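Listed here are the chains, written in short residue letters.
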Amino acid sequence: MLYGADYNPDQWPEEVWDDDVRLMREAGVNVVSLGIFAWSRIQPAEGVWDFAWLDTVIEKLHAGGIQVNLATATASPPPWVSATYPETLPADESGASFWPGSRQHFAPSSPVYRRLAGELVRRLAERYAQHPAVTMWHVGNEFGCHLPMDFSDAARDAYRGWLQGRYETIDALNDAWGTSFWSQRYGGFDEIFPPRLAPYSHNPSSMLDWRRFSSDMLLECYLMERGILLAAGATQPITTNFMGPFKPADYAKWAPHMDVIADDCYPDPANPNRIRDAAFQRDLVRSLKPGVPWILMEQATDAVNWRPSNPGKRPGVLAAETAQSVGRGADGIMFFQWRQSRAGSEKFHSAMLPHAGTDTATWRSVTDLGARLGALPALPAPGRDARVAVVFDWENWWAIEGRDHPVEIDYLALVLEWYGALHKRGIMVDIVAPERIDGGYDLVLAPALYLLRDAGAAALNRFVDGGGTLLTGPFSDIVDEHDQFRDGGFVTQLGPALGIRFEDFGALGGASTGGMGVGAQVARVGTIAGGRVDFSVGGVEATGSLVAEVVHPAGAEVVASFTSGAAAGSPALTRHMYGSGEAWYVATMPDAAGIDAVVGALVAASGVRPIIDDLPAGLEVARRGDLVTVINHGDATVEVGLEGTDAETGAAVVLRALAPQEVLFAWAPVDAEPQTPEAFPEDASVLLAGRKP
Ligand code: GLA
């Protein structure tokens, strides 16, 4: 288990470095991400290089037995770069420059930026690739975090080349973008601009390509650096830190280029769905590279500095959140950052070593956690532990949240609601693109899959045909990969499997704010009252929002119909036996009760079993091979039944009372599940004797 943090010794005088290494050892730290923002220290002026300080730091760490995840330091160009080469600066939609003074002020497609960054990486790689302390490479930092899209002239030129590479001829682009609409037909690639400020909606197909391009430019920067590292003979794993479900970068496309997935996760203490959302993030990053444990590259020991209000973590929360990562596949737990900064924008951000020193609750929880993680036995690689998948797709995300739709949809929020109903049941879930669906899953939820590529549709159809249970809808299978309607109406790819015919979207208004284009801005003209429709599933009264689509059965059984509103009488939920499996369609976005009822029906239909039956509220459970992790995130002590062995103490487990924030790591082979209370030995109460109330 890796344990450590970002280490920024360039912010501190040399006298501090020995103390750092000593305290790192005390905390159980065995790895640091070194020098992520050190470019100006390494190269204070063009042609001037200073590696002496870095040599010293690396030697000290090495002598202390601490591995180095060496950063390429390219995320924040030094002032001389911006002053000498203003063409490296990015621009916003109106073409106005972003200026230096913060970080990430580089245009990813700028050839000059890439040349300068490449030179830095080459020097670092040649100097340190063979150093025994360097065990991993950390490329850039959170690509696109502050500046996901760049509209500069460098981007314009790169965009034209990227489009030419994608379409080859301008006619092919015109077809893909549907440019006969609004006189947008292009005569050549040099007539195309980034989607800068325009009077009204940009062409939606072009916006989708712009999103792809913007993600690709960041990926190209990563790949350029990776290529330089490899060319210099680096054999260590190479990675960069993801940010979970980060809309601007299609991580499914990035993942094959990572040797190990690294992720940054800062659960918001004020978010009532903090546990669910973080679990989703961890399942997402694990699913990006099955079979390879991932690294939690950054989390906070306590408060962050960048939310409007920044409360700290309650006692025990750090360990509980960490266990969630371990249980869901992480083999590394790291923080931003090692020593709290004394200057700069992040001086109020917590760290492993607080500014107040070691006689602090934070230091004690950090050292306790280090000891606990260090004592864990080797854990199995996270493999195909999930029999359930939730489809999550970046291109769909970009397209479904485009403008000019029947209804505004927050795709991530919607997916999280469906995921939540599985998570609270203690069912292990993979989060994958539709193309990744195969017969290894029993149940697949593909909510709001508006953009469905041919290959994704084929995989979903194969899955159902082969015996799987699929749920999709609403607003699914509407457009192709160019964000164009397909010929033949809607639900053209999945219609036969679903056994329905789709007639109309039935937008209800929803919680969105209405608007109309006025000049350059969208003028808000007030909130549209959210329409609602009612239906009942398995005896549960549910309400739907967003849409009450008009769908007709064409072979499907109607499981539930709308009971109110204009759509009354029309199907709300359908089920169709197809091949050896079945496909369900939900024609609205159900409320929590509705989602729960639908998921309950799907779980029953598919035969999927939770890790622990009847998981008590407040508990979270995850499986990682034979390791089962149970965490009590609630405020009360809860009993959990699980037959296995405590992975930390070796003691037998049958029934365990978990105090708030308490974590149980237990060996419980898959064959032994599911655990039902009836399976407990009669004398289980004996084992509970003496437990705390
Ligand atoms: C991100 C960055 C770090 C730091 C932290 C603060 O994760 O990668 O450099 O800014 O946020 O939370």
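This text follows the structure it describes.
Residues numbered from 1 in each chain as written. Predicted model: local features only at pLDDT ≥ 70, side-chain atom pairs only at ≥ 80, totals over all residues. Heavy atoms only, no water.

Draft legend 1. The arrangement of helix 10 (residues 274-288) in detail. Spanning 15 residues, helix 10 covers 21 Å between terminal C-alpha atoms, matching the ideal 21 Å at 1.5 Å per step. Taken across its 15 residues, helix 10 has 14 buried, putting it largely inside the fold. (Helix = DSSP H or I, 4+ residues; strand = E, 2+ residues; numbered from the N terminus. Expected span 1.5 Å × (residues − 1). Buried < 20%, exposed > 50% of the residue type's maximum accessible area, 1.4 Å probe, protein only.)

Draft legend 2. Structural view of the environment of Val 407. Following the sequence through the fold, Val 407 ends up in the loop between helix 13 (394-400) and helix 14 (411-423). Between the C-alpha atoms of Val 407 and Met 136, which are 271 residues apart in sequence, the distance is 45 Å. In this structure Val 407 touches Ala 507, Gly 509, Leu 546 and Val 547, once residues within four positions along its chain are discounted. (Contact = heavy atoms within 4.5 Å.)

Draft legend 3. Focus on the site of the ligand. As a matter of local geometry, the ligand sits amid Phe 37, Arg 103, Asn 141, Glu 142, Asp 264, Tyr 266, Glu 298, Trp 306, Phe 336, Glu 346 and His 349. Within the side chain of Arg 103, a nitrogen or oxygen atom sits 2.8 Å from an oxygen atom of the ligand. By residue class, the composition of the shell around the ligand is 4 nonpolar, 2 polar and 5 charged. (Near = heavy atom within 4 Å. Polar contact = N/O pair within 3.5 Å; in protein donor to acceptor, adjacent residues only side chain to side chain. Nonpolar A, V, L, I, M, F, W, Y, C, P; charged D, E, K, R; others polar.)

Draft legend 4. Focus on the sheet that holds strand 6 (residues 241-242). A sheet is described by the order of its strands in space; here 9 strands give the open sequence 5-4-3-2-1-9-8-7-6, paired in parallel fashion. A single partner strand is all that each edge strand has here, and the edge strands are strand 5 (238-239) and strand 6. Both strand 2 (residues 31-34) and strand 3 (residues 67-71) contribute to a ladder of 4 bridges, which runs parallel. Note on strand 3: the bridge partner recorded for Val 32 is Val 68. Strand contacts of helix 10: strand 6, strand 7 (262-264) and strand 8 (294-298), with the helix running at about 130° to strand 8, the strand carrying the most contacts. (Pairing = 2+ DSSP bridges. Axes fitted to C-alpha atoms, helices over the stretch in contact; angles between N-to-C directions.)

Draft legend 5. Representation of the pattern of salt bridges. Going through the model one piece at a time under the given rule, you end up with 43 salt bridges. Lys 313 is the salt-bridge partner of Glu 321, the closest N and O atoms lying 2.8 Å from each other. Residue classification places Glu 321 among the buried positions, given a relative accessible area of 4%. Each member of the salt-bridge network shares a partner with another, and the members are Arg 166, Asp 209, Arg 212, Asp 393, Glu 395, Glu 435 and Arg 453. (Salt bridge = Lys/Arg side-chain N within 4 Å of Asp/Glu carboxyl O.)

Draft legend 6. Examining the sheet that holds strand 18 (residues 540-545) more closely. A sheet is described by the order of its strands in space; here 3 strands give the open sequence 17-18-23, paired in antiparallel fashion. The open sheet terminates on both sides in strands that have one partner only, identified here as strand 17 (533-537) and strand 23 (589-590). By the bridge criterion, 5 bridges tie strand 17 to strand 18 in an arrangement that is antiparallel. Looking at the pairing, Val 533 lines up with Gly 544 of strand 18.

Draft legend 7. Expanded view of the packing of aromatic side chains. Tallied over the full model, the rule gives 37 aromatic pairs. Plain terms: the ring middles of Tyr 159 and Phe 213 are 4.9 Å apart, the flat faces sit at 55° to each other, and that makes the pair tilted. One end of the pair, Tyr 159, is in helix 6 (residues 153-167); the other, Phe 213, is in helix 8 (residues 204-231), with 54 residues separating them in the sequence. We note that Tyr 159, like Phe 213, is buried. Ring centres of Tyr 251 and Trp 254 lie 6.1 Å apart, and the angle between their planes is 85°; on these two criteria the pair is classed as edge-to-face. Of this pair, Tyr 251 and Trp 254 both sit in helix 9 (residues 251-254), 3 residues apart, which is roughly one turn of that helix. Residue Tyr 251 is classed as buried on the basis of its relative accessible area of 2%. A residue is classified by how much of its surface remains accessible, and Trp 254, at 1% relative accessible area, is buried. Aromatic rings pair up to connect Phe 143, Tyr 222, Phe 242, Phe 246, Tyr 251, Trp 254, Phe 280, Phe 392, Trp 394, Trp 397, Tyr 411 and Tyr 419 into one cluster. Positioned above the aromatic ring of Trp 53, the side-chain terminus of Arg 41 is 4.9 Å from the ring centre. (Phe/Tyr/Trp six-rings, centres within 6.5 Å; stacked < 30°, edge-to-face > 60°. Lys NZ or Arg CZ within 6 Å of the ring centre and 35° of its normal.)

This is a description of form; function is not addressed.
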